[in-house]
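Descriptive structure summary
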Amino acid sequence: MVGYINNKGILKRELFVVFLIFLSICIVRLFLALSVEGFSSDNSYYVLRQVEHISTFGTPIIHDDLSYMGRTYFVLPVFYYVLAFFDLFLPIDLVCKIIPNIVAPIGIFIVYFIGVEITKNKDAALFTSFMSGIVPVFLSETVYSVSVYSFVIPLFLLLIFCLIKLSKLDDLRDAKEVRFYKILYFVFFILLSFLHQSVILFVLFLWVYFLVSFVEGSKVTNSEIELTLFSSFFVIWFFLITMKPLFLEYGASVIFGGVPHFIRYYFFTNFTLLESMYKLGIIPVLYGLYSLFRFTFGKQEKYVYMLVSLIYLMLVLLWFRVISFNLGLIFLGNFLMIVILLHYDFLFEFFNFKKNNKSFAFLKVVFVSYYILSFIISSVFPSLTYLGLEKEKIPTTDEIYIFQYMKQNIPNGSVVVAIPDYGQKIAYFSNKKTIMDSYYFGVKESSRLIDLEKMYTTSSLSTATPLFDKYGADYILISSKTKLAYNSTFPSYVDSKCFDLITQKNDVFLFKLKCKVVTFET
Amino acid sequence: MKLDFFNDGHLSNEKDTKFFLFFLFFILIILILPSLLRFAKNDQFILFSSDSYYHLRIGEYIIQKGVLPEFDWLSFGGSVLESNSVFEFVLASFSSIFNIPLLYVVIYLPVFFGLISFVLLYFLFLRFDIEKNFRRIFLILLATSPVFLYLFCVSNYCYIPIFLVLASLNLYFSKRRFFRVFAFLLLLIIPFFGYLFVIFGLLLFLLIYLKTSKRDALFFSIFLGVILIFFIKEILFSFSFKNHFDFMSYDFFLADLGYLSGFSLFSLVLFVIGIIVVFNNNSISSKKAFDFFLIFIFLVLTLIFVFLNENAIFFLNFIVIYYGTYGFLYVLKFDYGVFFFRHITIFLILSCVIFMPIFYINSMTSFYPTKEAISALSFLHQTENNDFAVFSVQKHGILINYFSNHPNVIDDFSYYLDDYLQRKQEIDTMYYTRNITFVDAFFKKYNVKYVFLDQESIKEMWLHDNQGFLFLLKDNTYFEKIYDSENVLIYKYIHESGK
């Protein structure tokens, strides 16, 4: 890119440092991901199944006989097709570990470019880009999992970069550059639309930005209006034409992952500041909030209004539990990095101003050390903690043994009672049906949630067996994770004569139902 | 008065007869299509809402007896009618005078009034010298809006008074005094349809007075204000009973998300753009005052919609489309920096204009009630004794009356009755009780013999099929299943206390 290459045709020092940061983060991510077998989240196995299906048949799975004992997916296919493309060269397991862990840290570059664009302060931008590579919640959700957010976040940041660039360029004087960034915006926006429905969040952000600009009396440029008009109508057209049946059936919850309200209130925890601090890093949260407060009031540059709009939108959506806690924090974490850049800009400017003063030079060393140390304590350690927690969710060898056993020994078409976190794993390893899994998009029946909980918490055979009959289930999988999920002990009814222990591997048990429920037809 | 935002200097009362006639034909097609498609899907005429069947039943009564009913023998197990049945009287009159079966009147009278209303609106625009492009786009956006389609395809109380308001406006602006007197006479009829139309008429004539300073406009609005005083009790009553919005349910006013008579998201976005454009435009102060008052009307109607009466959406739609037209024209005429953004954006907008009504009309073919529910209730009509009531969820009440000829326990029109709250509370307890003694007492009190449920209601009301009353329904000693199709169930109550 022009401006980043010096006269000798070599990347400038700062960009080289950013590249080193990117490489280090990449290496750490890949090391962690490749050091384990399997993936932590249940949804990762949904992705694996989709990629495998595309590699085999050329199309994604639309109707799935296994998930929820039969359901239809709404699929935005770009993510799966990209992974399936690399599957031509590498085994699928490796593709799903390597590609997302290389794409996710690309955000480091974008944060750097945004930083330079906003502040012209390369030191502040460098420091912030380094921090943006270590957002605890983003790491925990994307290192051990195949997550579409590995692609979504960098694209989001790219769109914001294009907007910031366009807000600073003059339509007439810099016509060529304006055209270039508009085309870039167009390409990234279309890509994001086909990647994930969080593109709607981006359009919402544009309107919030307009509102904030109006309130603050800041004039919006023609380019911003043009992009907002195009984005708004494209999203309306794309989602209301292609997703119309889903919107009619499931309402606006489709926009935010299609998670129905009864599951939202069951699984989505309340937004709390304390947990946010751990998952985002204490320093980013504190400095981010301080910067937000400082720059909310008074006349500011346009990019400040953009960043403020982003943060406020995410906070509102999190507060009302419109989006899941972790998803909201992933977005918030990355955007807060850009906001605290403004704080670091001020700091580094101050130190540069005083650089000839020897006592300030000493203070600069102290402060920089303080920031690095506090960052390590507040972001790196929580990252390691959350990564450790995620690692525990990876299927153990015992669980995989049971899944493989089910594949070989249980008849096709059998239904297995298992917690939602096992749903897609069982579908992937064992090719068997489950009552419920963690892909909640478009789930309508609240009864499954309650029934499943009852099956794991009741001690009464007469309560449990009709539920088995209701779903046509013949098997139940019990492990320490199921006990943890429902905070319950081993369901005692499986010890009765109606259940046979088929197989066991340490603390993972598979039981088969022997008795049939007799019903009298009226 | 000129609305000169996009005036390009030409005379703006230019008639475009060809466009008008073509568009009239288009409106006719678009309003008839839903009923024809629904007929093709079900092999019979099924009305678009359960309220339509209420109008049909009362209309049939008026034709048979020749008087307006004061007592409804089926609703709520038998109750005094609060409404004056003027709308049903109009339906019955049309049927009798023109010798058309009442069913066809209920289906096609809204279409007829929709066409006339469109013509009146067009002539109003000509009177106000509305610029041709604005006029055309307004009418296109209006005709393709879900609210307009619902208003003039589904039998409801609103299409006749809206027609009367438009007719009154047209006559008011005529040069002949006689027509202005006739306009006033039409206004006298509007209060019979409810306070909502009185409020709207009042605000509209205030707007006209603001714009034209004509004293008779002020007189009309004062007159309507005086009429409104007689509705205060009803307004307060509605306020206490209106189910307030569940703002967290998200789909509370968008047709795209399932609300039956909602706005389209596309028109709302255009509306927001139009508002911004109009208020940023440096136009003359009197037009600014006009727009401010129109926004005031919009806010008042929104409050009415939220707190009093959902039918206010039909009036809100006109304002949304009005500013949406400004938004549409702005998007068309905007100076795009990159050419393909312009082409793509316009293509997207045109696609939305074309596809929105197509999707909505398609969804209308699946509106409640379903053929299965009707078949089940018709089966119940054949039972031996029509005096026994049928217990069900509230929304089925009117349908139970019409098709089974049995009384219901509760329906959507019962809210004004004195013991409504008490009965509602008992019914809510009934849904979730497993206490057979309570069920015995309830069924005895309301003379209930049958229970009617469909799968959609079961999923809405209960979390699982063994919860509360559903558990009791499975017990053969209490209930006998006498009808079971894929989606609809009817049970007969066979248990009596003490046996």
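Here the structure is a predicted model, which is why all the values come from computation and not from measurement.

1. Side note on the overall build of chain B
Counting secondary structure elements, chain B contains 21 helices and six strands. Its C-alpha radius of gyration of 25 Å places chain B within 12% of the 23 Å reference for a compact globule of 499 residues. For chain B, the spread of C-alpha atoms along the principal axes amounts to about 85 × 55 × 40 Å. Burial statistics for chain B: of 499 residues in total, 56% are counted as buried. For chain B, contacts bridging at least 24 residues in sequence account for 70% of all contacts bridging at least 6. Each charge sign in chain B was given a centre, from 37 positive and 40 negative side chains, and these centres are 10 Å apart.

2. Focus on the interface of chain A and chain B
Taken together, the contact pairs 32 residues of chain A with 39 residues of chain B. Across the chain A to chain B interface the summed buried area is about 3400 Å²; carbon plus sulfur atoms make up 76%. Of all residues in chain A, the largest losses of buried area upon contact with chain B belong to Glu226, Phe233 and Trp237 of chain A, amounting jointly to 18% of the total for that side. Where chain A touches chain B, the interface holds zero salt bridges. Scanning the region where chain A abuts chain B turns up two residue pairs in polar contact (both at pLDDT 80 or more). Within the residue set of the side of chain A that touches chain B, elements represented by two or more residues are helix 9 (175-195), helix 11 (222-242), helix 12 (244-250) and helix 21 (446-457) of chain A. Examining the composition of the side of chain A that touches chain B, we find that 12 residues originate from one element, helix 11 of chain A, more than from any other.

3. Some details on the sheet that holds strand 4 (residues 448-454) of chain B
All names here are of chain B. Read from one edge of the open sheet, four strands run 3-4-6-5, paired in mixed fashion. In this open sheet, the two strands that pair with only one neighbour each are strand 3 (389-391) and strand 5 (479-484). When the angles between neighbouring strand axes are averaged without regard to direction, this sheet yields 30 degrees. In terms of strand pairing, strand 5 meets strand 6 (residues 488-493) through five bridges, oriented antiparallel. Residue pairing across strands places Glu480 opposite Lys492, the latter belonging to strand 6.

4. Some words on the packing of aromatic side chains
Each aromatic ring pair is specified by the distance between its two centres and by the angle formed by the two planes. Residues and elements named next belong to chain B. One pass over the full model with this rule turns up 121 aromatic pairs over all chains. An angle of 85 degrees between the planes, with centres 5.1 Å apart, marks the rings of Tyr172 and Phe173 as edge-to-face. For the pair Tyr172 and Phe173, a shared accessibility class is recorded, and that class is buried. Summarising the aromatic geometry, the rings of Tyr431 and Tyr432 are spaced 6.3 Å apart at their centres and angled 75 degrees between planes, so their arrangement reads as edge-to-face.

5. So, unusual backbone geometry
Following Tyr368 of chain B, the chain continues into Pro369 of chain B via a peptide bond in cis, with omega recorded as 5 degrees. Residue placement: Pro369 of chain B occurs in the loop between helix 15 (339-364) and helix 16 (371-381). The residue Met69 of chain A is not glycine, and still its phi comes out positive at about 60 degrees. Note that Met69 of chain A resides in the loop between strand 1 (63-64) and strand 2 (71-72). Of note, Asp43 of chain B is a non-glycine position whose phi angle comes to about 60 degrees, a positive value. Structurally, the position occupied by Asp43 of chain B is in the loop between helix 1 (17-42) and helix 2 (50-65). Take Asp43 of chain B: its relative accessible area is 60%, and that puts it in the exposed class.

6. A word on helix 10 (residues 199-216) of chain A
For an α-helix, 3.6 residues make a turn, and residues three or four places apart therefore share a direction. All names here are of chain A. Over its 18 residues, helix 10 runs 26 Å from end to end, which matches the ideal 26 Å to within 8%, given 1.5 Å per residue. Regarding helix 10, the residues found buried are Val199, Ile200, Leu201, Phe202, Val203, Phe205, Leu206, Tyr209, Phe210, Val212 and Ser213. Gly217 occupies a position one or two residues after helix 10 and carries a positive phi of about 75 degrees.

7. Observations concerning the environment of Asp291 of chain B
Residue and element names in this part refer to chain B. Among the secondary structure elements, Asp291 is positioned in helix 13 (residues 285-307). The buried category is assigned to Asp291, whose relative accessible area is 1%. Ignoring any residue separated from it by four or fewer positions in sequence, one finds Asp291 in contact with Val278, Phe279, Tyr322 and Tyr323.

8. A word on the side chain of Asp42 of chain A
Residue and element names in this part refer to chain A. Summarising the element assignment, Asp42 is placed in helix 2 (residues 42-57). Look at Asp42: it is buried, it has no salt bridge, and the nearest opposite charge is Lys425 at 4.8 Å. Polar side-chain contacts of Asp42 include one of 2.8 Å to the side chain of Ser438.

9. Quick word on the confidence of the model for chain B
Residues and elements named next belong to chain B. Counting all residues, the mean pLDDT for chain B is 84, and 90% of those residues have values of 70 or more. For chain B, the element scoring lowest by mean pLDDT is strand 2 (residues 79-80), at 66; helix 6 (residues 146-153) scores highest, at 94. Low confidence marks residues 1-12, where pLDDT is under 50. Its contacts with residues over four positions away, or in another chain, come to 24 contacts. Low pLDDT, under 50, characterises residues 244-248; the predicted model gives this stretch eight contacts beyond four residues in sequence or across chains.

10. Structural notes on the confidence of the model for chain A
With 87% of its residues at a pLDDT of at least 70, chain A reaches an overall mean of 83. A low-confidence stretch, residues 1-5 of chain A stays under pLDDT 50, and its non-local contacts, those more than four residues away or across chains, total 13 contacts.

11. Here's the deal with the sheet that holds strand 4 (residues 433-434) of chain A
Residues and elements named next belong to chain A. Taking strand neighbours across the sheet as the criterion, the five strands line up as 4-3-5-7-6 in an open arrangement whose pairing is mixed. The open sheet terminates on both sides in strands that have one partner only, identified here as strand 4 and strand 6 (499-505). Two strands pair when backbone bridges link them, and strand 6 and strand 7 (residues 508-513) are joined in this way by six bridges, in the antiparallel orientation. From the neighbouring strand, Asp500 faces strand 7, where its bridge partner is Lys512. Contacting strand 3 (415-417), strand 5 (473-478), strand 6 and strand 7, helix 19 (residues 397-409) crosses the sheet at an angle of about 130 degrees to strand 6. On top of the sheet, helix 22 (residues 461-471) reaches strand 3, strand 5, strand 6 and strand 7; it is set at about 120 degrees to strand 5, its chief contact.

12. Observations concerning a nonpolar patch on the surface
Taken together, the side chains of Leu34, Phe85, Leu88, Phe89, Leu90 and Leu94 of chain A present a nonpolar region at the surface, about 590 Å² in accessible area. Along the polypeptide, Phe85 of chain A turns up in helix 3 (residues 78-86).

13. Quick word on the packing of helix 5 (residues 107-119) of chain A against helix 8 (residues 149-168) of chain A
Residue and element names in this part refer to chain A. Contact geometry of helix 5 with helix 8 gives a least axis separation of 9 Å together with a crossing angle of 15 degrees. In terms of orientation, helix 5 lies roughly parallel with respect to helix 8. Helix 5 and helix 8 meet at a crossing whose hand is left-handed. Between helix 5 and helix 8, the contacting residues are Gly107, Ile110, Val111, Phe113, Ile114, Glu117 and Ile118 on the first element and Pro154, Leu157, Leu158, Ile160, Phe161, Ile164, Lys165 and Lys168 on the second. The residue inventory of the contact of helix 5 with helix 8, partitioned by class, reads 11 nonpolar, one polar and three charged.

14. Quick word on the pairing of strand 4 of chain B
Residues and elements named next belong to chain B. Within strand 4, six of the seven residues are buried, which leaves the element mostly enclosed by the surrounding structure. Of the strand pairs in this sheet, strand 3 and strand 4 are connected by three bridges, and their pairing is parallel. In the strand pairing of strand 4, Val390 is matched with Tyr450. As paired strands, strand 4 and strand 6 are joined by five bridges and run antiparallel to one another. Its bridge partner being in strand 6, Asp454 is matched across the sheet by Val488.

15. A word on the pattern of salt bridges
Close approach of charged atoms allows side chains of opposite charge to pair. All names here are of chain B. Evaluation of the coordinates by the stated rule reveals 17 salt bridges over all chains. Measuring nitrogen to oxygen at the nearest pair gives 3.6 Å for the salt bridge that ties Lys395 to Glu456. Placement of the pair is Lys395 in the loop between strand 3 and helix 17 (397-404) and Glu456 in helix 20 (residues 455-461), with a sequence separation of 61 residues. Here Lys395 falls in the partly exposed class, since its relative accessible area comes to 23%. For Glu456, a relative accessible area of 48% corresponds to the partly exposed category. Between Asp428 and Lys424 there is a salt bridge whose closest N-O contact spans 3.6 Å. Of this pair, Asp428 and Lys424 both sit in helix 18 (residues 420-432), separated by four residues, roughly a single helical turn.

16. Digging into the nonpolar core
Counting 344 residues, the largest nonpolar core has Phe189, Phe202, Phe233, Phe468, Ile476 and Leu477 of chain A together with Phe266 of chain B as its most contacted members. At 15 residues, helix 4 (residues 102-127) of chain B tops the list of elements feeding residues into this core. Ile436, Phe442, Phe469 and Leu489 of chain B belong to the second largest nonpolar core, which has 30 residues in total.

Basis of the calculations
- Residues numbered from 1 in each chain as written.
- Chains lettered and ligands numbered in written order.
- Predicted model: local features only at pLDDT ≥ 70, side-chain atom pairs only at ≥ 80, totals over all residues.
- Heavy atoms only, no water.
- Helix = DSSP H or I, 4+ residues; strand = E, 2+ residues; numbered from the N terminus.
- Rg over C-alpha atoms; globule rule 2.2 N^0.38 Å.
- Buried < 20%, exposed > 50% of the residue type's maximum accessible area, 1.4 Å probe, protein only.
- Contact = heavy atoms within 4.5 Å.
- Lys, Arg positive; Asp, Glu negative; His and termini not counted.
- Charge placed at Lys NZ, Arg CZ, Asp CG, Glu CD.
- Buried area = accessible area lost by both parts, 1.4 Å probe.
- Salt bridge = Lys/Arg side-chain N within 4 Å of Asp/Glu carboxyl O.
- Polar contact = N/O pair within 3.5 Å; in protein donor to acceptor, adjacent residues only side chain to side chain.
- Pairing = 2+ DSSP bridges.
- Axes fitted to C-alpha atoms, helices over the stretch in contact; angles between N-to-C directions.
- Phe/Tyr/Trp six-rings, centres within 6.5 Å; stacked < 30°, edge-to-face > 60°.
- Expected span 1.5 Å × (residues − 1).
- pLDDT = per-residue confidence, 0-100.
- Patch = residues over 30% accessible without salt bridge, like charges linked within 9 Å, V, L, I, M, F, W, Y side chains within 5 Å.
- Areas by Shrake-Rupley, 256 points an atom, 1.4 Å probe, with all protein chains shown as cover.
- Parallel < 35°, antiparallel > 145°, perpendicular 65-115°, else oblique.
- Left-handed = near helix turned anticlockwise from the far one by under 90°.
- Nonpolar A, V, L, I, M, F, W, Y, C, P; charged D, E, K, R; others polar.
- Core = buried A, V, L, I, M, F, W, Y, C linked by side-chain atoms within 4.5 Å.

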